[in-house]
Amino acid sequence: MAFVQEPPKDAFRLGMLIYDTRYRSITIQVVVLVLFLLFLSWLVNNTIANLALKDRTFDFAFLFARSGYDINQTLVDYTNDSSHLRAAYIGLLNTLLSALIGCALATVLGVTVGVLRLSRNWLISRLMTVYVEIFRNVPVLLWILLGAAILSEATPAPADYRVTEAMQAAGEAPKASMVLFDSVAITTRGINIPAPMVEHGLPRLELPGISLNSNLLVFFLVLGAGLYADHRIRAHARRVQEATGLRPVTWWKSLAVIFVPTIGLLMLMGFHLDYPVLKKFNFTGGIEVLHSFTALTFALAVYTAAFIAEIVRAGILAISRGQSEAAFALGLRPGRTMSLVILPQALRVIIPPLISQYLNLTKNTSLAIAVSYMDLRGTLGGVTLNQTGKELECMLLMMGIYLTISLTISSLMNLFNRAVKLKER
Amino acid sequence: MKKSVFLGTLSAAALLAGIAGAGTLDDVKARGQLICGTNVGLTGFGAPDANGNYQGFDVALCKAVAAAVLGDASKVKFVPTTGETRFTALASGEVDVLIRNSTWTFSRDVDLKFDFVAVNYYDGQGFMVKKDLGVSSAKELDGATICIQTGTTTELNLADFFKANNMTYTPVTIADDAEGQRQYLAGACDAYTTDASGLAASRATMPDADNHIILPEIISKEPLGPLVRHGDNQWGDVIRWTYYALVAAEEYGVTSANIEEMANTTQNPEIKRLLGVEGDLGAMLGLDKDWGKRAIAASGNYGEIFEANIGSATPIKLARGLNALWTQGGLQYAPPFR
């Protein structure tokens with residue numbers, strides 16, 4: 001006769017925290033966590049003690065004081081009477097502008113190079129290899145400096161565009177002249193392009209906290225409506241094609257719904273271009289694209305594009321050959337095979353590493369200081385930090401802002417990734 | 001975890017460095033070396049020469065302090081600082097004293113918690129332009145692009161000057177003098193602005209110095225001087241009186257050449273106190289009695305240092321102007337040694 005005996009239930013003893021494998025890992029984690037928190041609080045405490053020792057305070061009130069300095073590229077209104085907070089905002093916008101345009105350029109260039117590197121044309125694929133290896137293996141700071149040096153050394157000074165009376169009398173041409181039908185001037189300082197202006201514009205839209213250019217808003221609304229109408233027209237055409245096998249002609253309808261309303265709106269608002277004009281020292285009017293911006297953005301774009309090209313190539317190579325063979329068997333030409341079959345599948349492999357390239361590019365915009373581009377690091381972390389002496393506050397604020405930008409980009413890209421990734425049901 | 005411990009140790013070390021700066025004179029003596037914050041490179045004021053040794057007007061004062069405190073003018077370690085990094089370097093204790101064309105302003109003195117101990121060069125902000133620009137006054141610079149060193153008082157003066165004269169400009173912010181010169185010469189800006197002495201120094205190093213002019217307007221007061229951390233008065237006194245010893249030496253005609261002779265023969269009680277023949281001024285400072293003598297012997301008196309580094313015989317060709325002794329119509333004036 002056998003008895004089923006309950007295993008003896010051990011009472012909990014302190015020693016079990018170390019000798020019992022069930023508890024040991026928890027014990028270790030708790031100990032490490034406590035030590036880490038102690039260390040963290042020691043760091044904070046040390047900082048506070050040292051600030052007190054130096055008779056320094058920790059506050060952000062300086063952000064609301066008058067900044068007193070000027071910035072050469074301001075996307076929104078700013079004068080030296082604005083606050084340091086406003087200056088930081090200007091810097092942030094400059095950072096975002098450079099990052100946004102840089103990411104867009106890098107993506108286009110990177111995908112093109114990545115695809116071409118797999119080309120069967122020996123010359124093209126080798127050229128792309130050379131591009132990738134050169135740009136990937138030289139520090140990006142050097143590319144930025146090289147770009148800035150070329151742009152400022154190889155271009156004519158604004159004074160070279162001037163036609164003096166003596167020159168007119170002698171019938172001489174100035175040393176430099178504007179390009180693209182006299183609308184664009186490239187000088188040692190920047191590229192002056194015509195600015196779109198409206199004659200009778202709408203008043204600015206003042207919302208609490210922000211002020212919007214309602215002209216631009218209306219333009220985009222009309223354009224968006226046109227694009228949506230075009231989308232509807234083509235969807236209808238597709239339905240007709242599926243039902244009857246005949247696709248109705250849509251191109252003139254598309255053109256009409258997109259262009260007629262927008263052009264009408266522009267004419268109504270009195271749209272015209274404001275051309276750059278040479279004044280005493282510089283070109284005024286139009287938009288001046290500073291060389292520092294161009295050098296920074298392009299250098300970051302071509303550098304990052306080299307990495308993106310490799311990511312794209314890896315993504316394409318990850319798709320089995322059977323896919324393209326199947327597409328060829330269906331009669332798709334190589335271009336359409338790439339864009340309709342290979343790339344959509346490759347995106348699943350491409351996107352996760354692409355996110356980190358976008359993040360890298362965004363963070364690398366802080367190299368702007370090397371070419372005097374006033375980004376967040378140049379305003380908040382440069383001039384403001386120096387003039388107010390609030391190192392800790394400025395640094396923490398900057399770290400917080402860069403962290404926020406990076407996390408936003410990565411969460412947006414993760415959403416996109418979720419949309420394109422393989423649906424496993 | 002390992003990494004954060006390492007980083008934490010680093011930041012802790014950086015923070016502790018601040019605490020160690022409480023008694024700077026004792027620290028310097030114990031270390032046997034003075035750490036002097038200087039310019040990255042401004043010819044005549046503080047720049048490495050062909051052999052990599054720092055030379056210049058500000059550098060000479062560092063050497064005088066080292067001679068007074070440590071008895072050897074060569075026991076200085078020069079830490080080059082830019083306009084942006086200098087105050088952090090001083091506040092964190094990375095350097096003992098900052099002698100680097102720094103303007104004495106209210107907010108730096110009061111808010112940044114530094115002590116400016118003297119003014120070794122009275123300066124003002126000026127503009128340099130190319131001759132062929134056809135500009136003869138700063139008031140004609142409306143619409144110009146102007147290169148400016150970031151992190152300096154000149155940045156704020158410039159904004160104020162253009163605002164007061166109802167003019168506009170485009171700033172190009174640059175990190176240091178070398179970069180400023182490069183941008184200015186490349187034509188990235190029409191004018192380069194900084195302290196007039198700095199402009200003269202930059203111009204001296206340009207290959208075509210004659211093609212550049214410094215405009216007559218001086219748009220600000222820029223009293224440049226050595227500074228130390230707030231609250232360390234003993235160390236501040238050492239720097240202040242070492243500097244005044246050099247000024248007083250010029251006033252009393254004590255030079256590096258005749259200093260021994262003066263010490264032995266002079267009947268003037270003030271010179272005797274200055275050179276430590278009489279009295280115990282050195283002990284009051286926490287130094288020995290020959291401190292003043294050594295400071296003057298290191299690179300000469302104020303006038304000698306001025307002439308050797310930035311005076312009319314040098315390429316920089318600065319006139320004494322405001323920096324002449326008070327007895328000659330200038331502002332340099334040493335309080336009595338007694």
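The structure displayed is predicted, hence computed values, not measured ones.

(A) Focus on the overall build of chain A. In terms of regular secondary structure, chain A is built from 13 helices and nine strands. Taking 22 Å as the expected radius of gyration for a compact globule of 425 residues, we find that chain A reaches 30 Å, considerably beyond that expectation. In terms of overall dimensions, chain A has C-alpha extents of about 125 × 80 × 50 Å along its principal axes. Of all 425 residues assigned to chain A, the portion counted as buried reaches 28%. The contacts of chain A with a sequence gap of at least 6 include a subset with a gap of at least 24, amounting to 65%.

(B) Quick look at the interface of chain B and chain A. The partner chain A presents 35 residues to the 34 residues of chain B that form the contact. When contributions to the side of chain B that touches chain A are tallied by element, the ones reaching two or more residues are α1 (2-19), α4 (86-91), β9 (144-149), α6 (153-164) and β10 (169-174) of chain B. At six residues, α1 of chain B tops the list of elements feeding residues into the side of chain B that touches chain A. Along the lines of polarity and charge, the residues of the side of chain B that touches chain A split into 16 nonpolar, 12 polar and six charged.

(C) Layout of unusual backbone geometry. For serine 372 of chain A, which is not glycine, the phi dihedral falls at a positive 60°. Inspection of the secondary structure assignment puts serine 372 of chain A in the loop between α11 (334-364) and α12 (376-388). Classification of serine 372 of chain A by C-beta neighbours within 10 Å gives buried; the count is 27. In this structure, lysine 317 of chain B takes a positive phi of about 55° despite not being glycine.

(D) Highlighting the environment of tyrosine 402 of chain A. Residue placement: tyrosine 402 of chain A occurs in helix α13 (residues 391-420). Between the alpha carbons of tyrosine 402 of chain A and arginine 377 of chain A there is a distance of 10.0 Å; along the sequence they are 25 residues apart.

(E) Broad picture of the pairing of strand β2 (residues 190-193) of chain A. Residue and element names in this part refer to chain A. Both strand β1 (residues 185-186) and β2 contribute to a ladder of two bridges, which runs antiparallel. What sits directly across from isoleucine 186, in β2, is isoleucine 191. Here β1 hands over to β2 after three residues, the two strands then running antiparallel side by side. In this structure, β2 lies alongside strand β9 (residues 287-290), joined through four bridges in antiparallel fashion. Bridge pairing in β9 links isoleucine 191 to valine 289.

(F) Structural view of helix α4 (residues 122-136) of chain A. All names here are of chain A. Its 15 residues place the ends of α4 21 Å apart at the C-alpha level, agreeing with the 21 Å of an ideal helix rising 1.5 Å per residue. Along α4, the residues that are buried comprise Met128, Val132 and Phe135. For α4, the arc enclosing every buried residue in end-on projection is 85°, short of the 170-degree limit, so these residues lie on one face. Exposed residues on α4 whose side chains face more than 90 degrees from its buried face are Trp122, Leu123, Arg126, Val130, Glu133 and Ile134. Looking at the buried positions of α4, the neighbouring elements they touch are α3 (84-117) and α9 (291-317).

(G) Seen up close, the nonpolar core. Among the nonpolar cores identified, the biggest contains 102 residues, and Val65 and Leu246 of chain B are the most heavily contacted of them. Within the second largest apolar cluster, 55 residues are counted, among which are Ala87, Phe293, Ala295 and Ile311 of chain A.

(H) Layout of the packing of α3 of chain A against α11 of chain A. All names here are of chain A. Interhelical geometry of α3 versus α11 gives an angle of 140° and a closest axis separation of 11 Å. Comparing their axes, α11 and α3 come out oblique. The chirality of how α3 crosses α11 is right-handed. Touching Ala99, Gly102, Cys103, Ala106 and Val115 of α3 are Met338, Tyr358, Leu361 and Thr362, all from α11. A per-class count over the contact of α3 with α11 returns seven nonpolar, two polar and no charged.

(I) View of the sheet that holds strand β8 (residues 125-130) of chain B. Residues and elements named next belong to chain B. The five strands lie next to each other as β10-β9-β11-β8-β12, forming an open sheet whose pairing is mixed. Each having just a single partner strand, β10 and β12 (212-214) make up the two edges of the open sheet. Mean inter-strand twist for the sheet, computed between neighbouring axes without regard to direction, equals 30°. Summarising the sheet, β9 and β10 pair through six bridges and their orientation is parallel. When the bridges of β10 are listed, isoleucine 146 appears paired with proline 171. Strands β8, β9, β10 and β11 (191-195) of the sheet are contacted by α6, whose axis makes an angle of about 155° with β9.

(J) Geometry of the UniProt feature "domain: Solute-binding protein family 3/N-terminal" (unreviewed entry) in chain B. Following the UniProt record, one finds the feature "domain: Solute-binding protein family 3/N-terminal" (unreviewed entry) at residues 33-262 of chain B. The annotated region residues 33-262 of chain B carries 35% helix and 24% strand content, and the separation between its end C-alpha atoms amounts to 29 Å.

(K) Representation of the environment of valine 140 of chain A within the structure. All names here are of chain A. Note that valine 140 resides in helix α5 (residues 140-153). A residue is classified by how many C-beta atoms lie within 10 Å of it, and valine 140, with 19 of them, is partly exposed. In this structure, the C-alpha to C-alpha distance between valine 140 and threonine 304, residues 164 residues apart in sequence, is 8.8 Å. Excluding its chain neighbours within four sequence positions, the residues that come into contact with valine 140 are Ala299, Leu300, Tyr303, Asn364 and Leu367.

(L) Summary view of the sheet that holds β1 of chain A. Residue and element names in this part refer to chain A. Strand order in the open sheet formed by three strands is β1-β2-β9, with antiparallel pairing between adjacent strands. With partners counted over all chains shown, the strands left at the sheet margins are β1 and β9, one partner each. Here α9 sits on the sheet and contacts β2 and β9; the angle it forms with β9, its principal contact strand, is near 50°.

Reading the values: rules and limits
- Residues numbered from 1 in each chain as written.
- Chains lettered and ligands numbered in written order.
- Predicted model: local features only at pLDDT ≥ 70, side-chain atom pairs only at ≥ 80, totals over all residues.
- Helix = DSSP H or I, 4+ residues; strand = E, 2+ residues; numbered from the N terminus.
- Rg over C-alpha atoms; globule rule 2.2 N^0.38 Å.
- Buried ≥ 20, exposed ≤ 12 C-beta atoms within 10 Å, placed from the backbone.
- Contact = placed C-beta atoms within 7 Å.
- Nonpolar A, V, L, I, M, F, W, Y, C, P; charged D, E, K, R; others polar.
- Pairing = 2+ DSSP bridges.
- Expected span 1.5 Å × (residues − 1).
- Arc of directions from axis to C-beta.
- Core = buried A, V, L, I, M, F, W, Y, C linked by C-beta atoms within 7 Å.
- Axes fitted to C-alpha atoms, helices over the stretch in contact; angles between N-to-C directions.
- Parallel < 35°, antiparallel > 145°, perpendicular 65-115°, else oblique.
- Left-handed = near helix turned anticlockwise from the far one by under 90°.
- UniProt positions renumbered as here; feature names shortened; annotations may be inferred.

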